[in-house]
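Geometric and topological summary
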Amino acid sequence: MKAIAFTEYGSPDVLKIKEVAKPTPKDNEILVRVHATPVNFGDLMARNFGNVTPSEFNMPAPLYLPSRMAFGWNKPKINVLGSELAGEVEVVGRDVTKFKAGDRVFAYVGMGMGANAEYVCIPESGTVALKPSNLTYEEAATLPYGAVMATSLLAKANIQRGQKVLINGASGGIGSMAVQLAKHFGAEVTGVCGTPRMEFVKSLGADKVIDYTKEDFTQNGETYDLIFDILGRSSFLRVKRSLKPNGIYLLASFKMKALLDMLWTSVMGSKQKVICSFANETAESLEFVKKLVEEGKVKAIVDKSFPMEQASEAHRYVEDGRKQGNVVIAI
Ligand SMILES: NC(=O)c1ccc[n+]([C@@H]2O[C@H](COP(=O)([O-])OP(=O)(O)OC[C@H]3O[C@@H](n4cnc5c(N)ncnc54)[C@H](OP(=O)(O)O)[C@@H]3O)[C@@H](O)[C@H]2O)c1
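Let me sum up the structure you'll find in this document. In this text, all values refer to a predicted model and were calculated from it rather than measured experimentally.

1. Quick notes on the side chain of Ser242
Mapping Ser242 onto the fold places it in the loop between α7 (236–239) and β12 (243–251). Its relative accessible area of 1% is what places Ser242 among the buried residues. With sequence-adjacent residues up to four places away left out, Ser242 is seen in contact with Phe217, Thr218, Glu222, Thr223, Tyr224 and Ile227.

2. Details of the pairing of strand β14 (residues 302–307)
Relative to strand β15 (residues 326–330), β14 runs parallel, the two sharing 5 bridges. The partner of Lys304 across the bridge, within β15, is Val327. As for the winding sense of the linkage, the β-α-β connection from β14 through helix α10 (residues 311–319) to β15 is right-handed.

3. Section: α10
All buried positions along α10 are accounted for by Ala311, Ser312, Ala314, His315, Tyr317 and Val318. Where α10 is buried, its residues contact β1 (2–5), α1 (41–47), β14 and β15. Remark: Gly321 follows α10 within two positions and exhibits a positive phi of approximately 75°.

4. Some thoughts on the packing of helix α4 (residues 144–156) against helix α9 (residues 283–294)
In contact at an axis separation of 9 Å, α4 and α9 are set at 105° when each is read in the N-to-C sense. On the basis of the axis angle, α4 is roughly perpendicular to α9. Taken together, the residues of α9 that come into contact with α4 (itself represented by Pro144, Ala147, Val148 and Thr151) are Ser285, Leu286, Phe288 and Val289. Across the contact of α4 with α9, the residue classes tally to 6 nonpolar, 2 polar and no charged.

Parameters and conventions
- Residues numbered from 1 in each chain as written.
- Predicted model: local features only at pLDDT ≥ 70, side-chain atom pairs only at ≥ 80, totals over all residues.
- Heavy atoms only, no water.
- Helix = DSSP H or I, 4+ residues; strand = E, 2+ residues; numbered from the N terminus.
- Buried < 20%, exposed > 50% of the residue type's maximum accessible area, 1.4 Å probe, protein only.
- Contact = heavy atoms within 4.5 Å.
- Pairing = 2+ DSSP bridges.
- Right-handed = clockwise from strand over helix to strand, strands pointing away.
- Axes fitted to C-alpha atoms, helices over the stretch in contact; angles between N-to-C directions.
- Parallel < 35°, antiparallel > 145°, perpendicular 65-115°, else oblique.
- Nonpolar A, V, L, I, M, F, W, Y, C, P; charged D, E, K, R; others polar.

Given below as C-alpha cells:
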C-alpha cells in the first residue's frame, strides 16, 4: 500500500510517498481503508521532533527525554504520521462484533499514528466510531482529535450552562471543538485567536472573539468561570484576576509551574482551581460528537484538501499559519 512516510526529522520536504506493507488486522482489530486524514498539531510536532528544544516542548520538562526516546532521538521511530482519520472498514478480525465490513468510521489513533496511509488497523475497543452520516469523509476526518480532547477536558472542568468561558487558542484543533461544545453546553463563550482566524472562530458560534496580537484578555477587566488555555501561553498568576472567585483555569498544555499551581490551589483549598490534565481517549467522545453533528449542533470545517502526493504542501500550508479551519489529506 502507499503511505506518506518520513525517515528523518525536518521540514515538510521530508514527507515522501512510499510503498509499505499493508497491515493485517489481529482478531480484535478492524482494517480501515483510509479516505481522509487531517494535518494537526501532533503531525507538525512529530515530523520535526528531533529539532524541538526542551523550551519549545509543550509538556512538563521530565517528559521531554522519555518522549524524545520514544519518538526516536536522531531519527523517527514512527515513520508514518496521522493521528486521526475517516474511512471504510474493509476487513474485521474474527473476534470483532462492533463493526462490519463496509462501515464508515472516524477514529483517533493517537500518538502511535499511522493514518497517513491507505490502510490502518484499529482495535475495535479503540477510539473509533461510525462517522456522522451527514458528513463527507474529509469533513468527518477533522473531528476525532478535537472531539476526544475537548469533550474530555471540558468534562474535567465540569462546564455548566450559563457560565462565562474563555478559550485561549480557539481556532486550533482542540479550541475549535471546545468553542462549539461550550456553546452547546449553554456557556457564554469568548474565543482568543490570531487576526486571520477571527471570522472562523465567530462562525463556530463564539459570542466574542479576542485577537491575541491586539488585546491581552487578562487586562480587559472581564472575569470568567472557566479559562481553557490550549497552548498554556498564559499563567495562573496572569489569569487569576480574570477568573471569578470560584473560577477554573484549565490547561491542555502545561509545564511544571502549572502542575505546582494545581497542587498549591488544591492543598490550600483555594476556591480558584488549576486543572492540568491529559484527555481520556474514548469512543464515547466520538459517539457524543457524532450525535451533535447529525443534529446540526457541531460542524466540521475543511479549509483545504490536498492529495496524498502533496502532503508536504499540506504541512507547509498549516505551518505557515494560512489555514482557516482544517487541512485534510485525501488518501
Ligand atoms: N492534555 C492533553 O491530553 C493533550 C492532548 C493533545 C494535545 N495537547 C496539547 O494541545 C496543544 C495543541 O493544541 P491544538 O492541537 O489545538 O493546537 P493548534 O491546532 O496548533 O492550535 C493552536 C491554537 O493556539 C493559538 N495560539 C497560538 N499562539 C497563541 C498565543 N500566543 N496566544 C493565544 N493563542 C495562541 C492559535 O491561534 P491562531 O492559529 O489563530 O494564531 C490556535 O488557536 C499542544 O500544546 C499539545 O501538547 C494536550
